[in-house]
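Results of the structural survey
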Amino acid sequence: MKITDYLKEHILYLDGGMGTLLQAHGLCPGELPERWNISHPEVIKAIHREYFNAGSNVVNTNTFGANCLKFSPEELEDIVRSAIDNARAALAESQGKQPKWVALDVGPTGRMLKPYGDLDFDDAVSVFAQTVKLGVKYGADLIMIETMNDSYETKAALLAAKEHSDLPVFVSNAYGEDGKLMTGATPTAMVAMLEGLGADAVGVNCSLGPKALVGVVEEYLRYASVPVLLKPNAGLPKAVNGETVYDVFPDEFAEDVASLIRCGVRIAGGCCGTTPDYISATIKASADILPVTVEKKNITCVSSYTHAVVFGESPILIGERINPTGKKRFKEALKAHDVDYILKEGIAQQEKGVHILDVNVGLPEIDETEMLKTAVCELQAIINLPLQIDTSDPVAMEAALRRYNGKAMINSVNGKQESMDAVFQLAKKYGGLVVALTLDENGIPDKAEDRLAIARKILSESEKYGIEKKDIIFDPLAMTVSADQNAAKETLRAVGLIQSELGCHTSLGVSNVSFGLPGRDMVNGAFFALALGQGLSAAIMNPYSQEMMKAYYTYRTLAGLDDNCADYIAFAETVPQAVAPAAPEKNATAPSEDEFASELQRAIIKGLKEQAAGLTERMLATVTPLQIVQEDIIPALNTVGEGFENKTVYLPQLLMSAEAAKAAFEVIKLRMSGETATDKCAFVVATVKGDIHDIGKNIVKLILENYGFPVTDLGRDVSPEAVVKETVRLHASIVGLSALMTTTVPAMEETIKQLRREAPWCKIVVGGAVLNQEYADAIGADKYAKDAMETVRYAEEINRSLKGAYNDF
């Protein structure tokens, strides 16, 4: 029986933790657990067998970290082959009559993807593809992608699985206490992207105990149309007598998981700290629970790397300004490959309140494919709005969709067979909300009923590709009233017919209606208001248009969509008594300085590297380097850092701001010509022995350097002796140690012991997904930092205390 068929009628039980059990069997600090598939196959088989005997339907192979970044091609193949053989042997030897399957376990690479790290997206896809192909070759039944804390890396892994196998793919992400991924994604955003890419089940694992994950799971259940899985930790870890233990025991764990199965979870197991006892207890606690039917949610949405935008709750504004049509300056920017201009345009529209950005870079004189891919990657690096990818070139569209970090709007398809053949296959592969234009080989019909007929034809064709109605949004095409006085009336009728007859959402390029008329802004605003009254879901519009924005805010208030009229009041306060026509293009990207102390601060906060460097260069003509650092760069970093700590800014924004600050610092360093640029204490960072995951360490290094700390990065998989040697050589005041895996925490403890003996003066700060304050205290660290900014705050505190001691002396 196929596992997907079994899931339709049954609850599926997974296995539990592997790392802590291997440690109990003698896995040494720093030893790679994947190699035990070859060196200790009987231990691996015994663990798998115990899970099957406990009632698990699925066991994951011991391949969580098996990838070509960690192992040679030959060793990787030996590991994957042995891992699957071990799981197969355990399945054959196990008791119990439940259906059983073997899942290829795929974990994160331990590297951040560009632009925040050094791993290219397609290189990441290739890394995962090598493991996936080996899993298929040696007989895995399904692929389990788990413990992913970055949406972009999750997409790379899922694409690799779908492109190189026909196996079912389950995808599970690791959420923090704030209910978001490390890089900021909400569960709704992940559901939107992963369902679009074809995941067979989605959910959450690791991170926290079951009680702490209730909110995340409930959000999955509200939005997911595929089975939801749950693999929580056994609570929080702590060190007791040199061993890692967890604070949630089997019976409590089982009851908590069973309560979520009652709510609709269909796939359940355990992660760090769980054992076969946890699985058997969970199966017993949920034995009498009838599986909750997985229902189609029919939610129309798009997503960015942080959040989803849902259609139907309130009208959606799509900024139209990243488009060369009729914009001389924008055309010049495209020809000059002036990406900074595009970014500033995007930021300016975001500040005006649009929900989605349309991205069109089509010019005959440029390579549209390369430019569109670049624009999408650069925009999503600094702006957290979903993007509408706007091109008639299928090659350019695929290049952009592949690199897009979320579920995009796809603009567009139409009723021509050639268009549907090209676009629908891309939408099926990458996911997306497809904008469908109601035109075909005969052009644009005059009558609304004929546009409705084309819409029906498009829906019929999309069904052949497995694309649901919820993922089609129709544009019934606003035509200019200066050429046909009935054009607006027919478009408005089409909006109403598509909504009432098909139950689909609609979008319009509103400003087309006024082409050729004077005072276009007045016409656009009135037409927009009429369209909203007909049920228009979204508009591609100019957010600098006062009339359009007035129509939007007044409509939301009158339609009961604006609680206490708060948004309208805030907007009305910005409207001058005498409203001028829409701003000309030359002002379209003028930055608002109201909330920023200087242009340089704004550039750093917004993550504009080139602009930050250019502004710094100009400022140095009249301002001292130290003044720029103290009055612009550090205050900007503090603003972003405080936002990060308050959960209003997310990791990608923090990193891009740090890169912009770094660009400004580089200009200053060149001007200082070898002068001492810092009085901060030396800081050594390392990922401990046996752990190759250096994302957290790299983030800490980048932020510390921007605050002026001289950081020595020893890399990953660093022995205690190497850390001690460098700390002593530099007489470093602070050492930062990172670990992601429970199996490498003992190596961290050993490093701390050696530092205490050989470098007693230094302060030790630790961080990583498996740590908390209690655990850090138990292994002898001075400080547990939950993120990079907390590390910076601690380092600043230590530096101040050291300076005070020197001054006293």
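These remarks concern the structure in this document. (Residues numbered from 1 in each chain as written. Predicted model: local features only at pLDDT ≥ 70, side-chain atom pairs only at ≥ 80, totals over all residues. Heavy atoms only, no water.)

1. Re the packing of aromatic side chains
On inspection of all chains with the given rule, the structure shows eight aromatic pairs. Ring geometry for F330 and Y341: centres 6.0 Å apart, planes at 70°, overall edge-to-face. Of the two residues, F330 is situated in helix 12 (residues 328-335) and Y341 in helix 13 (residues 339-352); the sequence distance between them amounts to 11 residues. Comparing F330 with Y341, the two get one shared label, buried. Put simply, the rings of Y552, Y553 and F571 pair up and form one aromatic cluster. (Phe/Tyr/Trp six-rings, centres within 6.5 Å; stacked < 30°, edge-to-face > 60°. Helix = DSSP H or I, 4+ residues; strand = E, 2+ residues; numbered from the N terminus. Buried < 20%, exposed > 50% of the residue type's maximum accessible area, 1.4 Å probe, protein only.)

2. Thoughts on the packing of helix 4 (residues 41-54) against helix 5 (residues 73-93)
In the contact formed by helix 4 and helix 5, the axes pass within 8 Å of each other and the chain directions differ by 45°. In terms of orientation, helix 4 and helix 5 fall into the oblique class. Once helix 4 is placed against helix 5, the crossing between them reads as right-handed. Side by side, helix 4 and helix 5 meet where P41, I44, K45, H48, R49 and F52 of the first sit next to N86, A87, A89, A90, L91 and E93 of the second. Among the residues making up the contact of helix 4 with helix 5, the classes are represented as seven nonpolar, two polar and three charged. (Axes fitted to C-alpha atoms, helices over the stretch in contact; angles between N-to-C directions. Parallel < 35°, antiparallel > 145°, perpendicular 65-115°, else oblique. Left-handed = near helix turned anticlockwise from the far one by under 90°. Contact = heavy atoms within 4.5 Å. Nonpolar A, V, L, I, M, F, W, Y, C, P; charged D, E, K, R; others polar.)

3. Digging into the side chain of N149
Mapped onto the elements of the fold, N149 is located in the loop between strand 4 (142-148) and helix 7 (151-163). Once residues within four sequence positions are removed from consideration, N149 is found in contact with A174, L181, M182 and T183.

4. Regarding the nonpolar core
Membership of the largest hydrophobic core comes to 219 residues, with the highest contact counts inside it found for I145, F474, F528, I633 and I703. Broken down by element, this core gets its largest block of residues, 11 residues, from helix 25 (residues 651-672). Filtering out sequence-adjacent residues up to four positions away, I145 remains in contact with V106, A157, L158, A161, V169, F170, V171 and S172. By size, the runner-up hydrophobic cluster in this structure holds 26 residues, among which are V724, V745, I779 and A781. (Core = buried A, V, L, I, M, F, W, Y, C linked by side-chain atoms within 4.5 Å.)

5. Observations concerning the sheet that holds strand 23 (residues 734-738)
If you walk across this open sheet you meet the five strands as 22-21-23-24-25, and the pairing is parallel. Strands with a single pairing partner mark the edges of an open sheet, and in this sheet they are strand 22 (711-713) and strand 25 (783-784). Alignment of strand 21 (residues 683-687) against strand 22, held across three bridges, turns out to be parallel. Its bridge partner being in strand 22, V684 is matched across the sheet by T712. Here helix 27 (residues 720-730) sits on the sheet in contact with strand 21, strand 22 and strand 23, set at roughly 170° to strand 21. Helix 28 (residues 745-758) contacts strand 23 and strand 24 (763-767) of the sheet and is inclined by roughly 175° relative to strand 24. (Pairing = 2+ DSSP bridges.)

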